[in-house]
Amino acid sequence: MAVPRLSRAALALLTMLAATVLAAVVQAPAAHADGCYTWGRTLGQGTSGEDVRQLQIRVAGWPGYRNYVLVDGIYGPGTAAAVQRFQAAYGLAADGVAGPQTFTKIYELQDDDCTPIHFDYTELDDDCVGGWSGGAISATATKANALRVMWKLEALRRALGDQPLVVTTAFRNTSCNASVGGASNSQHLYGTAADLVSSSATLCRIAQEARYHGFSGLYGPGYPDHDDHVHVDSRIENDADGITNSWSWSAPNCGVAASGALSVRTETV
Ligand code: ZN
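Residues numbered from 1 in each chain as written. Predicted model: local features only at pLDDT ≥ 70, side-chain atom pairs only at ≥ 80, totals over all residues. Heavy atoms only, no water.

Draft legend 1. Main features of the coordination of the zinc ion. Surrounding the zinc ion are the protein donor atoms His188 (NE2), Asp195 (OD) and His231 (ND1), at 2.0 to 2.1 Å. All donors to the zinc ion come from one chain, and their sequence spacing reads H-x6-D-x35-H. Taking the relative accessible area as the measure of exposure, His188 reaches 3% and is therefore buried. (Donors = N, O, S within 2.8 Å, 3.2 Å for Na, K, Ca; no water. Buried < 20%, exposed > 50% of the residue type's maximum accessible area, 1.4 Å probe, protein only.)

Here it is, written out as structure tokens:
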């Protein structure tokens, strides 16, 4: 069937207009080119890709109590809930959809090397000689783990009321770990751990709040050798250690305790 010429032109115009409107709706306008990473579209449940994975790393500190965000590039209910908590924590409309406002806040919170503004690679790298080599896994993988820890720490810091958190030691290479008497399979060898103190928040306050920010390993006051710092780590997410880790929390003097089997997170899109 032949389509009249005028109608075809009108249809083309309509199609073009519709595409423009749609683009305006689904494309998050880049607030500014970001030195680390710039998101180019609004993300919500059902989307997937590297942009989702990058988002998951940034909101991994907002999973809720005794939980963690699966960093798999698939935007499921767990990611949406974390985005919602992130938005609420920073006074944004909390709809669980990552659009321009959410990305603008993330751009404000990240440095050009992708670390959150209150933490740096040099604060978390090897405690003895610096750098990321000589641990249990490659330097690249270790550094990537440390970045993920830093975003959780940024969330913890925010939840504590923007109180400064100091990382006293994080990654330790094998000889450094041995020299301080660290366990032979310590999470510190993978870049997945950090030891914390604060000049303003008590250790118990840190340990109690850390339960809400994605740390599956947590030791503090009352646990042997942890009366002067709080240790946090991401052991359940660490697939390189050859161990199916459980939740392991112990800070008896602070009422912090939890153990138990791995709760496998699955995301349905
Ligand atoms: Zn530690």
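Next comes the rest of the account.
Draft legend 2. Broad picture of helix α3 (residues 77-89). Taking 1.5 Å of rise per residue, 13 residues should cover 18 Å, and α3 covers 18 Å from first to last C-alpha, within 8% of that figure. Three or more residues of α3 are buried, namely Gly78, Thr79, Ala80, Ala82, Val83, Phe86 and Gln87. Buried residues along α3 sit in contact with α2 (50-58) and α4 (100-109). (Helix = DSSP H or I, 4+ residues; strand = E, 2+ residues; numbered from the N terminus. Expected span 1.5 Å × (residues − 1). Contact = heavy atoms within 4.5 Å.)

Draft legend 3. Spatial organisation of helix α6 (residues 139-159). With 21 residues, α6 should cover 30 Å at 1.5 Å per step; its first-to-last C-alpha distance of 30 Å lies within 8% of that length. Positive backbone phi, at 90°, marks Gly161, one or two positions downstream of α6.

Draft legend 4. Looking closely at unusual backbone geometry. Its identity is not glycine, yet Arg66 carries a phi of approximately 45°, on the positive side. Classification of Arg66 by relative accessible area gives partly exposed; the value is 29%. Despite not being glycine, Asp162 has its phi angle at roughly 60°, a positive value. Tracing the backbone through its elements, the reader meets Asp162 in the loop between α6 and β1 (166-169).

Draft legend 5. Geometry of the pairing of strand β4 (residues 230-233). Both faces of β4 are covered, namely the face carrying Val230 and Val232 and the face carrying His231 and Asp233. The pairing of strand β3 (residues 217-219) with β4 spans three bridges and is classified as antiparallel. In the sheet register, Leu218 faces β4, and the bridge partner there is Val232. (Pairing = 2+ DSSP bridges.)

Draft legend 6. Molecular detail of the pattern of salt bridges. In the structure shown here, the tally under the stated rule is eight salt bridges. With a shortest N-O distance of 2.9 Å, Glu108 and Lys105 are connected by a salt bridge. Highlighted residues: Glu108 and Lys105, both in helix α4, separated by three residues, approximately one helical turn. Between Lys152 and Glu237 there is a salt bridge, and its shortest N-O distance comes to 2.6 Å. One end of the pair, Lys152, is in helix α6; the other, Glu237, is in the loop between β4 and β5 (247-251), with 85 residues separating them in the sequence. Taken individually, Lys152 and Glu237 each receive the classification buried, so the pair is uniform in this respect. Residues joined by salt bridges that share partners form a network here, namely Arg148, Lys152 and Glu237. (Salt bridge = Lys/Arg side-chain N within 4 Å of Asp/Glu carboxyl O.)

Draft legend 7. Inspection of the layout of surface pockets at higher detail. Its boundaries defined by the atoms lining it, the largest pocket holds a volume of some 500 Å³. Taken together, 24 residues line the largest pocket, and the ones lying closest to its centre are Ala183, Ser186, His188, His226 and His231. Tallied by class, residues from the lining of the largest pocket come to six nonpolar, 11 polar and seven charged. In this structure, the second largest pocket occupies an estimated 200 Å³ of space. Lining the second largest pocket are 14 residues; nearest its centre among them are Leu70, Ile236, Glu237, Asn238 and Asp239. Among the residues making up the lining of the second largest pocket, the classes are represented as seven nonpolar, three polar and four charged. Looking at the lining of the second largest pocket, you find at least three residues from each of domain 1 (31-114) and domain 2 (119-269). (1 Å grid on protein atoms, 1.4 Å probe; cavity = no way out; pocket = protein on both sides within 12 Å on 5 of 7 lines; lining within 4 Å. Points joined across faces, edges and corners; volume = space filled by probe spheres on them. Nonpolar A, V, L, I, M, F, W, Y, C, P; charged D, E, K, R; others polar. Domains from an automatic or database assignment.)

Draft legend 8. Main features of the confidence of the model for the protein. Of the residues in the protein, 84% reach a pLDDT of 70 or more, and the chain-wide mean stands at 89. Counting contacts from residues 13-17, a segment whose pLDDT is below 50, to residues more than four positions away or on other chains yields zero contacts. Confidence over residues 264-269 falls short of pLDDT 50; this stretch has 18 contacts with residues more than four positions distant or in other chains. (pLDDT = per-residue confidence, 0-100.)

Draft legend 9. Looking closely at the state of the cysteines. Scanning all chains against the criterion turns up three disulfides. One disulfide in the model links Cys36 with Cys114; its S-S distance is 2.0 Å. One quick way to see it: the torsion about the S-S bond of Cys36 and Cys114 is about 105°, and its sign makes the bridge right-handed. Of this pair, Cys36 sits in the loop between α1 (5-26) and α2 while Cys114 sits in the loop between α4 and α5 (121-124), placing them 78 residues apart in sequence. Taking the relative accessible area as the measure of exposure, Cys114 reaches 18% and is therefore buried. In the protein, numbering the disulfide-bonded cysteines from first to last in sequence yields the connectivity 1-2, 3-4, 5-6. (Disulfide = S-S within 2.5 Å.)

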